[in-house]
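# Descriptive analysis of the structure
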Amino acid sequence: MILTGYLLSSLIALGIIFIGSRFLWDPAAASRDFGIPNSPSPSTGFTGWLAVNGTRDIVSGLFVFLLMANASPRLLGEFLLLASLIALGDAAMVLRAGGSRTAAFGIYGLTALVIIAAGASLIDAAN
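The model shown is predicted, which means the values in this text are computed figures rather than measured ones.

So, about helix H2 (residues 27-34). Along H2, the residues classified as buried are Pro-27, Ala-29, Ala-30, Ser-31 and Phe-34. Turning to H2, the residues buried within the fold contact helix H1 (2-25), helix H3 (44-69), helix H4 (73-96) and helix H5 (101-126). One or two steps after H2, the chain reaches Gly-35, where phi turns positive at roughly 115 degrees.

Our next topic: the packing of aromatic side chains. Applying the stated criterion to the full structure yields four aromatic pairs. Through pairs of rings, three or more aromatic residues link up here, namely Phe-23, Phe-34 and Tyr-108.

We now examine the layout of surface pockets. The probe, sized like a water molecule, is rolled over the atoms to show the empty space still left. In this structure, the largest pocket occupies an estimated 610 Å³ of space. Lining the largest pocket are 29 residues, and of these Gly-15, Ile-16, Ile-19, Tyr-108 and Thr-111 sit closest to its centre. Among the secondary structure elements, those contributing two or more residues to the lining of the largest pocket are H1, H2, H3, H4 and H5. Here the lining of the largest pocket gets nine residues from one element, more than from any other, and that element is H1. Across the lining of the largest pocket, the residue classes tally to 20 nonpolar, four polar and five charged. Empty space within the second largest pocket amounts to approximately 190 Å³. Counting residues per element, the ones that place at least two in the lining of the second largest pocket are H2 and H3.

If you check H5, its first and last C-alpha atoms are 36 Å apart, about what 26 residues at 1.5 Å a residue would give, namely 38 Å. Roughly 30 degrees is the biggest bend found in H5, and it falls at Gly-109. The N-cap residue of H5 is Ser-100: its side-chain oxygen and the backbone nitrogen of Thr-102 are 3.1 Å apart.

This part covers a nonpolar patch on the surface. A cluster of nonpolar side chains, Leu-81, Leu-110, Leu-113, Val-114 and Ile-116, forms an exposed patch at the surface whose accessible area comes to about 390 Å². It is H5 that contributes the most residues to the nonpolar patch, four residues altogether. Its location among the elements puts Leu-113 in helix H5.

What follows is about unusual backbone geometry. Among all residues except glycine, the phi angle is most often negative; among peptide bonds, the trans geometry is most common. At Asn-38, a residue that is not glycine, the phi angle is positive and equals roughly 60 degrees. Inspection of the secondary structure puts Asn-38 in the loop between H2 and H3.

Thresholds applied
- Residues numbered from 1 in each chain as written.
- Predicted model: local features only at pLDDT ≥ 70, side-chain atom pairs only at ≥ 80, totals over all residues.
- Heavy atoms only, no water.
- Buried < 20%, exposed > 50% of the residue type's maximum accessible area, 1.4 Å probe, protein only.
- Helix = DSSP H or I, 4+ residues; strand = E, 2+ residues; numbered from the N terminus.
- Contact = heavy atoms within 4.5 Å.
- Phe/Tyr/Trp six-rings, centres within 6.5 Å; stacked < 30°, edge-to-face > 60°.
- 1 Å grid on protein atoms, 1.4 Å probe; cavity = no way out; pocket = protein on both sides within 12 Å on 5 of 7 lines; lining within 4 Å.
- Points joined across faces, edges and corners; volume = space filled by probe spheres on them.
- Nonpolar A, V, L, I, M, F, W, Y, C, P; charged D, E, K, R; others polar.
- Expected span 1.5 Å × (residues − 1).
- Bend = angle between axes of the 7 residues up to and from the residue.
- Polar contact = N/O pair within 3.5 Å; in protein donor to acceptor, adjacent residues only side chain to side chain.
- Patch = residues over 30% accessible without salt bridge, like charges linked within 9 Å, V, L, I, M, F, W, Y side chains within 5 Å.
- Areas by Shrake-Rupley, 256 points an atom, 1.4 Å probe, with all protein chains shown as cover.
- Salt bridge = Lys/Arg side-chain N within 4 Å of Asp/Glu carboxyl O.

See the structure below:
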């Protein structure tokens, strides 16, 4: 069970690092694909805000690897449960902005469920 949790955690970490990196190297596409309709075209100021989001995502992924490297499955599981709130918050923001329900639930909701499953499996296996 711990191996499965670590595998899912690795995929989650790599995915969020990739997504965060997109906000740095292709902010227009990352902004468009986030799911908020009528997002402004990237300008110097807006690109700066996108970089903040990208940095948050990259560091979140690195936290997962840090916890994995320190062989703490329970703490990693607890972190993942809290980190699922980021995906749920993203879903809420997409819905609040009038974005696609499919994107909100299909991208961010599903991501939150996978993160919760990984976290719960790690906590359960550590007990």
